[in-house]
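# Understanding the architecture of this molecule
What follows is each chain in one-letter form.
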Amino acid sequence: MSSLANGQRSLFDASIRYPLTPPLTRGCPETSTEEIAYPVEVDYDYGRVPRELFAQQPGDLDQWAPILPPLVAPGLGEGGTPLIQLEDGVFVKDESRNPTWSHKDRINRCTVSAAAAIGAPGVVVASSGNHGASAAAFAARAGLPCIVLATADTPPAVGSFVSAYGAHVLPVAKEERRPLMRRIVDELGFHPLSNLTETHTGHAYGPEGYKTIAYEIFSEIGVPSAVYVPTGYGELLFGVWKGFTELRLLGLTERAPRMFSCEPAAGAPLARAVAQGLPAVHLKAGPTDAYAIDCDFNGYRGVITVRDSGGAALSLTDDEMRAAQRELSRTGLWYELSSASSLAGLRQVGERDRTGPVVCIATSSGFKDTGVGARPLDPVDPTWDSVLRRLKAAGLR
C-alpha cells in the first residue's frame, strides 16, 4: 500500500496546512519569526490506515509505508531493531543495530526520499557524527551526491566512516556550518537533511522515520509507562511520541507513555526552555564528551513532547552517563556516551511514579565515541607466569 500522507501542518497552529510537497525545511512560514522557528509535521488520511499494519512482526521501514511520507529512495534494511530486557521491567531499544549503527538511518530513509522525489541534485547535512554517516550512506544508495559539513574535532573514526560512502566532507568551525549550509541550499540547490533555522525545525519528514520506533515497541510489549530518550534538538523525542499518539488516534491503545528527554547538563537547552515555559532557548553549552547531543539551542518539538506527555526534561552529568555506559557494557551492550544518557536518566529518576515497563532508547554504537581506538593495548609476555600475574591483577583467580 502506498503512502497515505496528504499534507504538512504547523505544530504551533494545527489549522495551518500546506501541501505535502515541497517539504518545508525552514519551519512554518506563517507562524515562525526571526527569533523562533516553529516546525511543521506530516499529516495523513488516518481513516484509511489499515489496523492490521500494526499486527506484523517488526521489519524495515517499508512495512510502515502507508503511514510514512513516500519512500522514494531505496532502503538499507533500517528499522526492526531489537528490544532487549535489561532487568525486570526495563528494556533497551538497540538502535545501534541499524545499517550505519545509529537511529539516524530511520530519519534519512525519509529525508533522502524527499530529495529524490523533488529531483534535488544532491543533499547536504551539518553533522560531526551519526547524522552525517547515515546521510552519506543513504545518499550513496540513492545515487545522490552528499556534502557533510563536519567540524575539525570530529572523531577520526567517524570521519573515515562518512568518507567511505563517497561523501564530500568539509570540516569547518561549528558556528559556520549552518550559514554555509544555507548557502549551499540556496545557490547549489542541494536538499538540506539537517537544520537551517535559528531554533531547530529540521526536515519536515525526518521525525516520521523515528515514529516507527514506537510502532516496534508497541508490537512487542504494548505501551510502556515511560520512554527515556537521548536528546539533542528533540527530533527523536518527538518522533517516538508521535508514533504512540498515532496508535492512540487509531484506537489501538487508550494511552501514550510519559516521555523523558535526557540531555547533557553542560547545556540542556530543552530543560531550560521547559523550566522557563518558553518554546526554545539559546545558550552556550559547556564541555561534555556526549558530543552527539551537545546543543546550544532546542526545538519546539521537544517542548510540546515533554509538556503533552506529562514527562520531564532531565539534565545528566558526564559522570552519570559514564556510570550508565559502564552498566550497559557489563551486560554486553556497548553504546556511545550520548546513548547512555537514557539509562542515566532512568537511574536519576529511580522508581518514582513507575507504573509499568519502561524503555531506554540507545541511539548509537560505542565505536562512534570520542577517543575510541586512541589507546593501544598493553602487550603481555606470553609466559605462563606473566599471564597469571596479569590475570590475578585483574581480580581473576
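First things first, this report covers the structure right here in the doc. Everything numeric in this text was worked out from a predicted model, so none of it was measured.

With that settled, the discussion passes to the environment of Pro-39. Inspection of the secondary structure assignment puts Pro-39 in the loop between β2 (17-18) and β3 (40-44). Using a relative accessible area of 0% as the deciding quantity, one classes Pro-39 as buried.

With that settled, the discussion passes to the packing of aromatic side chains. The way to describe two aromatic rings as a pair is by their centre distance and the angle between their planes. Under the defined criterion, the tally for this structure stands at 13 aromatic pairs. When the centroid spacing of 4.9 Å and the interplanar angle of 90 degrees are considered together, the rings of Tyr-38 and Tyr-300 count as edge-to-face. Of the two residues, Tyr-38 is situated in the loop between β2 and β3 and Tyr-300 in helix α8 (residues 300-309); the sequence distance between them amounts to 262 residues. Looking at Tyr-38, the relative accessible area reads 9%, which means it is buried. Taking the relative accessible area as the measure of exposure, Tyr-300 reaches 9% and is therefore buried. Between Trp-64 and Tyr-215, the ring centres sit 4.9 Å apart and the planes meet at 55 degrees, which makes this aromatic pair tilted. Here the residue Trp-64 occupies a position in the loop between β3 and β4 (83-87), and Tyr-215 occupies one in helix α5 (residues 206-221), the gap between them amounting to 151 residues. With a relative accessible area of 1%, Tyr-215 lands in the buried category.

Turning next to the sheet that holds strand β10 (residues 226-230). Spatial ordering of the open sheet is given by β4-β5-β13-β10-β11-β12, a layout of six strands whose pairing is mixed. Of all strands in the sheet, those with a lone pairing partner are β4 and β12 (312-316), marking the two edges. The mean inter-strand angle of the sheet, taken between neighbouring strand axes irrespective of direction, is 25 degrees. Here strand β5 (residues 90-94) runs beside strand β13 (residues 358-362); their pairing, made up of five bridges, is parallel. The residue bridging Val-92 from the neighbouring strand is Cys-360, located in β13. Contacts from helix α9 (residues 318-329) reach β4, β5, β11 (258-264) and β12, with the element oriented near 90 degrees to β12.

With parallel pairing, four strands are arranged side by side in an open sheet as β8-β7-β6-β9. Strand pairing shows two members of the sheet lacking a second neighbour, β8 (168-171) and β9 (191-192), which therefore form its edges. When strand β7 (residues 146-150) meets β8, the two strands line up parallel, connected through four bridges. Each bridged residue has a counterpart across the sheet, and for Val-148 the counterpart in β8 is Val-169.

For the structure shown, the criterion picks out 26 salt bridges. Two residues, Glu-41 and Lys-242, come together in a salt bridge whose shortest N-O distance is 3.0 Å. Placement of Glu-41 in strand β3 and of Lys-242 in helix α6 (residues 235-249) is noted, with a sequence separation of 201 residues between them. Taken as a pair, Glu-41 and Lys-242 share a single burial class, namely buried. With a closest N to O distance of 3.8 Å, Asp-318 and Arg-322 form a salt bridge. On the criterion of helical spacing, the pair formed by Asp-318 and Arg-322 is a turn pair, its members being four residues apart in helix α9. Look at Arg-322 and you get partly exposed, because its relative accessible area is 27%. Bridged by salt links that share partners, the residues Arg-9, Arg-17, Glu-41, Asp-43, Glu-208, Lys-211, Lys-242 and Glu-246 form one connected network.

Basis of the calculations
- Residues numbered from 1 in each chain as written.
- Predicted model: local features only at pLDDT ≥ 70, side-chain atom pairs only at ≥ 80, totals over all residues.
- Heavy atoms only, no water.
- Helix = DSSP H or I, 4+ residues; strand = E, 2+ residues; numbered from the N terminus.
- Buried < 20%, exposed > 50% of the residue type's maximum accessible area, 1.4 Å probe, protein only.
- Phe/Tyr/Trp six-rings, centres within 6.5 Å; stacked < 30°, edge-to-face > 60°.
- Pairing = 2+ DSSP bridges.
- Axes fitted to C-alpha atoms, helices over the stretch in contact; angles between N-to-C directions.
- Contact = heavy atoms within 4.5 Å.
- Salt bridge = Lys/Arg side-chain N within 4 Å of Asp/Glu carboxyl O.

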